[in-house]
Amino acid sequence: MKEQTAAVKMRNITKRFGSVLANDQCWLDIYHGEILALLGENGSGKTTLMNMLSGIYYPDEGHIFMNDEEVIIKSPKDAFDHGVGMIHQHFKLVDVLTAAENITLGLDEKLDLKAVSARVREICERYGFEVDPEQKIYDMSVSQKQTVEIVKVLYRGADILILDEPTAVLTPQETDKLFAVLRNMRDDGKAVVIITHKMHEVEALSDRVAILRHGQFVGDMLTRETNAQEMTNMMVGRPVTLNIERPDPVDPRPRIEVKGLTVRSMDGILKLDDVSFTANSGEILGVAGISGSGQKELLESIAGLQPTEGGSICYVKDDGTREELLGKDPLSIAELGVSLSFVPEDRLGMGLVGNMDLSDNMMLRSFRRGRSLFTDRKAPRKLAETVVAELEVNTPGVTTPVRRLSGGNVQKVLVGREIASAPTVLLTAYAVRGLDINSSYTIYDLINRQKRQGVAVIYVGEDLDVLLELSDRILVLCGGKVSGIVPGRGATKRDVGMMMTRLGGNKADA
Amino acid sequence: MHKQTREPLVHIVKRDSLPWYRAWAIRAVAIVLALLLCAIVTTLCTGENPLQVYATILRGAVGTRRKVWILLQDLAILLCISLAVTPAFKMRFWNIGAEGQTLAGALASAACMLLLGDRLPNGVLLALICLAGIAAGAIWGVIPAVFKARWNTNETLFTLMMNYVAAQIVAYYVIVWESPKGSGNVGIINPTTEAGWFPQIGGNKYLLSVLVAAALTIFVYFYLNYSKHGYEIAVVGESERTARYVGIKVERVVIRTMLLSGALCGLAGVLLVAGTNHTINSTLAGGQGFTAVMVSWLAKFNPIAMIFTSLLLVFMSRGASEVSTVFGLNQSFSSILTGIIIFFIIGCEFFISYKLSFRKSGRKEGDAANA
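Note that the structure is a prediction, hence the values are computed from the model and not measured. (Residues numbered from 1 in each chain as written. Chains lettered and ligands numbered in written order. Predicted model: local features only at pLDDT ≥ 70, side-chain atom pairs only at ≥ 80, totals over all residues. Heavy atoms only, no water.)

Structural notes on the pattern of salt bridges
Residue and element names in this part refer to chain A. Counted under the stated rule, the structure contains 43 salt bridges over all chains. The residue R121 makes a salt bridge to E134 at a minimum N-O spacing of 3.3 Å. In this pair, R121 sits in helix α4 (residues 113-127) while E134 sits in the loop between α4 and α5 (142-155), placing the two residues 13 residues apart along the sequence. The exposure class of R121 is partly exposed, given its relative accessible area of 40%. Classification of E134 as partly exposed rests on a relative accessible area of 48%. R433 is paired through a salt bridge with E345; the nearest N and O atoms lie 3.2 Å apart. Taken as a pair, R433 in the loop between β17 (425-429) and α15 (437-452) and E345 in the loop between β16 (340-343) and α11 (347-351) lie far apart in primary sequence, 88 residues in all. For E345, a relative accessible area of 34% translates into the label partly exposed. Several salt bridges converge on common partners, so that one network encompasses D248, K451, D472 and R489. (Salt bridge = Lys/Arg side-chain N within 4 Å of Asp/Glu carboxyl O. Helix = DSSP H or I, 4+ residues; strand = E, 2+ residues; numbered from the N terminus. Buried < 20%, exposed > 50% of the residue type's maximum accessible area, 1.4 Å probe, protein only.)

So, the pairing of strand β20 (residues 481-487) of chain A
Residue and element names in this part refer to chain A. Relative to β20, strand β19 (residues 473-478) runs antiparallel, the two being bridged by six bridges. Along β20, the bridge assignment pairs C478 with K481. With antiparallel pairing between neighbouring strands as the criterion, β19 and β20 make up a hairpin whose turn holds two residues, including G479 at a positive phi of roughly 55°. (Pairing = 2+ DSSP bridges.)

Remarks on the state of the cysteines
Counted by the stated rule, this structure contains zero disulfides over all chains. No disulfide involves B:C80; its sulfur sits 9.2 Å from the nearest other cysteine sulfur, which is in B:C265. (Disulfide = S-S within 2.5 Å.)

Some points on the packing of aromatic side chains
All told, the structure shown has 21 aromatic pairs over all chains when counted by the stated rule. Relative to B:W94, the ring of B:F89 has its centre 5.5 Å away and its plane inclined at 55°; by these criteria the two rings are tilted. Judged by relative accessible area, B:F89 falls into the buried class, the value being 1%. On the basis of relative accessibility, which here comes to 25%, the residue B:W94 falls in the partly exposed class. Each ring, one from B:Y221 and one from B:F222, has its centre 5.5 Å from the other, and the planes form 90°; the classification is edge-to-face. One aromatic cluster in this structure is built from B:F89, B:W94, B:W297 and B:F301. Its guanidinium or amino end placed over the ring of A:Y155, A:R119 lies 4.3 Å from that ring's centre, counting from NZ or CZ. Above the ring of B:W24, the side-chain terminus of B:R27 is found at 4.6 Å from the ring centroid. (Phe/Tyr/Trp six-rings, centres within 6.5 Å; stacked < 30°, edge-to-face > 60°. Lys NZ or Arg CZ within 6 Å of the ring centre and 35° of its normal.)

Looking at the nonpolar core
Residue and element names in this part refer to chain A. Among the nonpolar cores identified, the biggest contains 225 residues, and F129, M185, F277 and Y459 are the most heavily contacted of them. The contacts of Y459, once residues within four sequence positions are left out, are I284, L285, G286, V287, T428, A431, V432, Y444, I447, V466, L467 and L470. Counting residues in each nonpolar core, the second largest holds 27 residues, with C26, L38, I64 and A210 among its members. (Core = buried A, V, L, I, M, F, W, Y, C linked by side-chain atoms within 4.5 Å. Contact = heavy atoms within 4.5 Å.)

Remarks on the interface of chain A and chain B
Counting residues at the interface gives 49 residues for chain A, matched by 37 residues for chain B. Summed over the three residues of chain A that lose the most area to chain B, namely A:Y58, A:E70 and A:F367, the buried surface amounts to 15% of that side. The interface formed by chain A and chain B contains two salt bridges. Inspection of the region where chain A meets chain B yields 22 residue pairs in polar contact (both at pLDDT 80 or more). Elements with a minimum of two residues in the side of chain A that touches chain B: β1 (8-17), β4 (61-66), β5 (69-71), α10 (330-335), α11, α12 (358-366) and α14 (407-420) of chain A. Partitioning the side of chain A that touches chain B into residue classes produces 22 nonpolar, 10 polar and 17 charged. (Buried area = accessible area lost by both parts, 1.4 Å probe. Polar contact = N/O pair within 3.5 Å; in protein donor to acceptor, adjacent residues only side chain to side chain. Nonpolar A, V, L, I, M, F, W, Y, C, P; charged D, E, K, R; others polar.)

Examining the sheet that holds strand β2 (residues 20-30) of chain A
The strands that make up a sheet pair up through hydrogen bonds in the backbone, lying either parallel or antiparallel. Residue and element names in this part refer to chain A. Strand order in the open sheet made by the four strands is β2-β1-β4-β5, with antiparallel pairing throughout. With one partner strand each, in any of the chains shown, β2 and β5 form the two edges of the open sheet. With strand direction ignored, the average angle separating the axes of adjacent strands in the sheet is 30°. Pairing between β1 and β4: five bridges, direction antiparallel. (Axes fitted to C-alpha atoms, helices over the stretch in contact; angles between N-to-C directions.)

Description of α5(A)
Two residues of an α-helix separated by three or four positions point the same way, owing to the 3.6 residues in each turn. All names here are of chain A. Over its 14 residues, α5 runs 20 Å from end to end, which matches the ideal 20 Å to within 8%, given 1.5 Å per residue. Counting buried positions along α5 gives 11 out of 14 residues, so the element sits mostly inside the fold. Of all the residues in α5, the buried ones are S143, Q146, T147, V148, E149, I150, V151, K152, V153, L154 and Y155. Looking at the buried residues of α5, the elements they touch are α2 (76-81), β6 (84-87), α3 (99-104), α4, β7 (160-164) and α6 (172-187). Looking one or two places after α5, you find G157, whose phi comes out positive at around 85°. (Expected span 1.5 Å × (residues − 1).)

Details of α15(A)
All names here are of chain A. Across its 16 residues, α15 extends 23 Å between first and last C-alpha, which sits within 8% of the 22 Å expected from 1.5 Å per residue. Burial in α15 covers these residues: I437, N438, S439, S440, Y441, I443, Y444, L446, I447, N448, Q450 and K451. A side-chain oxygen of the first residue of α15 lies 2.9 Å from the backbone nitrogen of N438; this N-cap is D436. In the segment just after α15, G454 is the residue with positive phi, at about 90°.

Pasting the structure below:
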């Protein structure tokens, strides 16, 4: 490896955003014919570093060399000219155009869509993609859109590909397909950089890992010579334990009883079909399912945010009295004395207000308190300070707008606020999506603490390994129906996986 | 070992938030630069001495005691209307119907003066004028809000169209009430009895508007920044889904805020009719409903800053009329100058958020290349 010339050498790269130091004298080497996993905690500067390589930002200091010649990349076009292509987390495609049109968009060459389609097919064949150049983007699944993005950069002649958390939006099957394609590209001599938080993906796919911490390069090693524990320790900078606890539930009692819940979307599609289950206090009920199987609708129905068609959602108080939650909005649910906390999937679009600062976001839940016409700003400020201190939120201060924080810190702020109200029911949707491994374990720990305090937790997750380790019981959804409820202890990934794709799993065969 | 390549000459770097005095220093520099450019344009286009033109603008705006008071009156009305639209804007409800809401308020108060004048004790009449004017403005404002809340209609078009409806209704009543007949205007209402005229404070007919505007500025400032309503408005404006998630009734906030917005516009109409003009016509609002949009945006919806932005616009427009009479220049010339100044003021915000980083000359070659 050492005798090979690096495709890219980044040296002493520094980038500041105002007072925030995103990259600090950062190094990185990228080689052809190799898949490099770029690891680091949320906010450690991985994406910023790659954005500088792909021309989105220009470094304040430092140099980039390609094949030992210094290059200046000041626009995405420069990056393409140097063969660098980046696939961002959020796709940059025009919905109403076809794949071929999107791929050729912005290129100076003469527009000949037939020739474009032919070349796209050629690229697809070479690396094993499946994409129809004439298909419109709005007709495509997330994974197909991602494929178009990859083909787009290959079409422009990229031989250094950067993928920013490409698997966050993919199903396990789609992930396998993507990995196969990436391996083909590596074997073809291309340099591939992948940013991811999922350790098993790093181990399965990459040849080498490079680790960033606080914007600095802390080291790299061959994947086969390391393990998840070592990589995590390097990322965090101190030894961390990677165990998820599962204390036994103490005195579980029915808290939420859902019966025959049916939800139809605005377009009339059945999202939840006759769903029934009970969530107990002091217990974590995991919800598994392929994404879009009705998880979002289920949680939003309980939270009073989703118009429903039928069924009932009963809240059972400690003294045994029951309250019907169906058809009530969040305010009337709160007025019933039901303390329900909800950590939604869309953190900045629903759970928090990105442009407001931490203490104003804390106020979202509490601002109605008291009779005064004016808001009480002291209590939320104190709460914000407590959350920052207890959950180790990395922020310049409580007056920083939430949107400036990195994903993991945004989630800590949201979870911190939601559990501050001492809930009896905690709903979480993809609580660790996009979070680095250390933040993820912080969140698991917080959820477990709630469970110990007797909270009924409903945890919608996508990582089956975690669901199996964390949940006391697992509710498996398949196409809006309950495929089964299994105890978390003793369930296998295979069984739950089968139930996710087929109602009842194995039993359906019998 | 490697080819020397050149850094780009400039690149853009995001700044830390600046201390307020440096931000204002940048704004001051922007205004000075704007005045310099205005001077060049003046000399090139008209051949006049720019200093004389500036002096004339200054004289036209604040040259005499009377002119100062007229400036303050114009400022007060513009500020009132700007304050009125601000809560709606903060909610991202684009109320560009302030013109119509002001006219509705003006029409209601004129109607009270004409129909009830001399029949009621003046105190009762004045209270009634205020109530009617405010209510009319509120109703005119709440109609688009109800449609928005119920059927999600486009509030920009709706409020805009309501302006024309209001103007036509006023035009109709001007004919109904015209005096003397055939003149095509209403004339001064109750000229002898002065029924329904607001009393002059300290013998000055403009002072009342100024005091009302000052009180409103403080009210809107506290309402938006410290009240629960103001907080709800901000949340709804930033994200409706978040608002619903925390149990804010978005429809109710939209309707309530537009009631307030319309009511404040109506109050501006009352001030115009019962306070200063004592008559009504369909151009009474004089486009201030639209100027208010600019005042509010320039001040980034901050009521205190709106005092300065509205002052700038009123100052320039008062100066403009003087320039056009003294130099025989078209009124539009002053609009050009105002345009240049506003361009610089908006443009300088870029330099407050970002700074340009220039290529360092004499940079050591390849200082890190061999690392």
